[in-house]
Amino acid sequence: MIIDCHGHYTTAPKALEDFREAQIACDCDAHRLAALIRPRISDDEIRESLEGAQLKLQRERGSDLTVFSPRASAMAHHVGDEATSLQWSQVCNDLVARVCRLYPDNFVGVCQLPQSPGVPAAHSAAELERCVTELGFIGCNLNPDPSGGFWTAPPLTDRHWYPLYEKMVELDAPAMVHVSASCNPVFHATGAHYINADTTAFMQFIQGDLFKDFPTLKFIIPHGGGAVPYHWGRYRGLAQDMKRPPLSELLGNVFFDTCVYHQAGIDLLLKVIPVENILFGSEMVGAVRGIDPESGHNYDDTKRYIDASALPAAAKSAIFEGNARRVFPRLGARLKARANI
Ligand SMILES: [Zn+2]
């Protein structure tokens, strides 16, 4: 089985975007927000939005199940206020839940969290709980920078985030560290802001004692861990200079995906990071949609790079399946139950 740990609903029907525009036009007025009609989207429209995109690519590329979340760049936590963000998260999560109900073999949900600059992270916990206990989701996307490129939130190791972590631990629901759009023009969203955030999160984990307080808390750092694997020696050296524990101590809690869009990058990732810390991911349909003229294949067809790597079959299988089952315990339990039916 091949589990893609990183996919977004980037092809959602236009009614979702229209709803968001209407929502932003409410300008944080609570009465107008409450009066908004939720987007009307039929099951057929959902099927249509996926059949020619994510489902087609799953079939063509040979993946089975995608860990699926709302479109990351559209989370835009910097837009509106807390009530706006909560409503938007609920609408997006409910839509992903419908996708998962229509295609239970192809998609399993991960939620967008309601977050807003300056708002306590504790306020995100209720939506996580709703998504896990009512919608059957298995984790969340946590934005370390709800300001959208200005980094006004405390580091991920700060107690600010602890109430959310308590809920994640209670629910056994890991988080992918995932920023959203950049409203700071110096950072291109997917080219700079995303990769910066991945790198920044890892450095924060080195500096803090988070996993002493939460030994079972788990994070996936996407996009191959940003600059981390490439600069592994720098991070090892910094940890040493700062009298911090060796990086291996973080690896019980921190995992990386394979959303690196060329063979040499994947080969480096596989060489530097232990196999048990790597989860197969493609982020399709997403950040980079074109075809690499050098290979003739889509940049984000990341399964090809794993297939072409020198790893033994058992290691490939761990990356494709076993690690995702372990890191997302709710997914592991569900797949096991399904196999026993
Ligand atoms: Zn993503």
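Scoring rules and cut-offs
Residues numbered from 1 in each chain as written. Predicted model: local features only at pLDDT ≥ 70, side-chain atom pairs only at ≥ 80, totals over all residues. Heavy atoms only, no water. Helix = DSSP H or I, 4+ residues; strand = E, 2+ residues; numbered from the N terminus. Contact = heavy atoms within 4.5 Å. Salt bridge = Lys/Arg side-chain N within 4 Å of Asp/Glu carboxyl O. Buried < 20%, exposed > 50% of the residue type's maximum accessible area, 1.4 Å probe, protein only. Arc of directions from axis to C-beta. Pairing = 2+ DSSP bridges. Axes fitted to C-alpha atoms, helices over the stretch in contact; angles between N-to-C directions.

Caption draft 1: The environment of Val285, seen in detail. Looking at where Val285 falls in the secondary structure, it is placed in the loop between strand E9 (278-279) and helix H12 (303-308). Taking the C-alpha atoms as reference, Val285 lies 13 Å from Ser73; in sequence the two are 212 residues apart. Excluding its chain neighbours within four sequence positions, the residues that come into contact with Val285 are His8, Thr10, Ala53, Gln54 and Leu57.

Caption draft 2: Summary view of the pattern of salt bridges. With the rule as written, the count across this model stands at 17 salt bridges. A salt bridge links Glu129 to Lys167; its shortest N-O distance comes to 3.1 Å. Of the two residues, Glu129 sits in helix H6 (residues 125-133) while Lys167 sits in helix H7 (residues 162-171), which places them 38 residues apart along the sequence. For Lys167, a relative accessible area of 14% gives the class buried.

Caption draft 3: Quick peek at helix H14 (residues 329-339). Of the positions making up H14, those classed as buried are Leu331, Gly332 and Leu335. Taken end-on, H14 shows its buried residues confined to a sector of 100 degrees, consistent with a single buried face. Against strand E1 (3-9), strand E2 (65-70), strand E3 (107-109) and helix H13 (313-327) lie the buried residues of H14.

Caption draft 4: Main features of the sheet that holds E1. The strand order across the open sheet built from three strands is E1-E2-E3, with neighbouring strands paired in parallel fashion. With partners counted over all chains shown, the strands left at the sheet margins are E1 and E3, one partner each. On average, each strand axis in the sheet is inclined to that of its neighbour by 35 degrees, with strand direction left out of account. Pairing geometry for E1 and E2, over five bridges, is parallel. Looking at the pairing, Asp4 lines up with Thr66 of E2.

As far as function goes, none of this settles anything; it's purely spatial.
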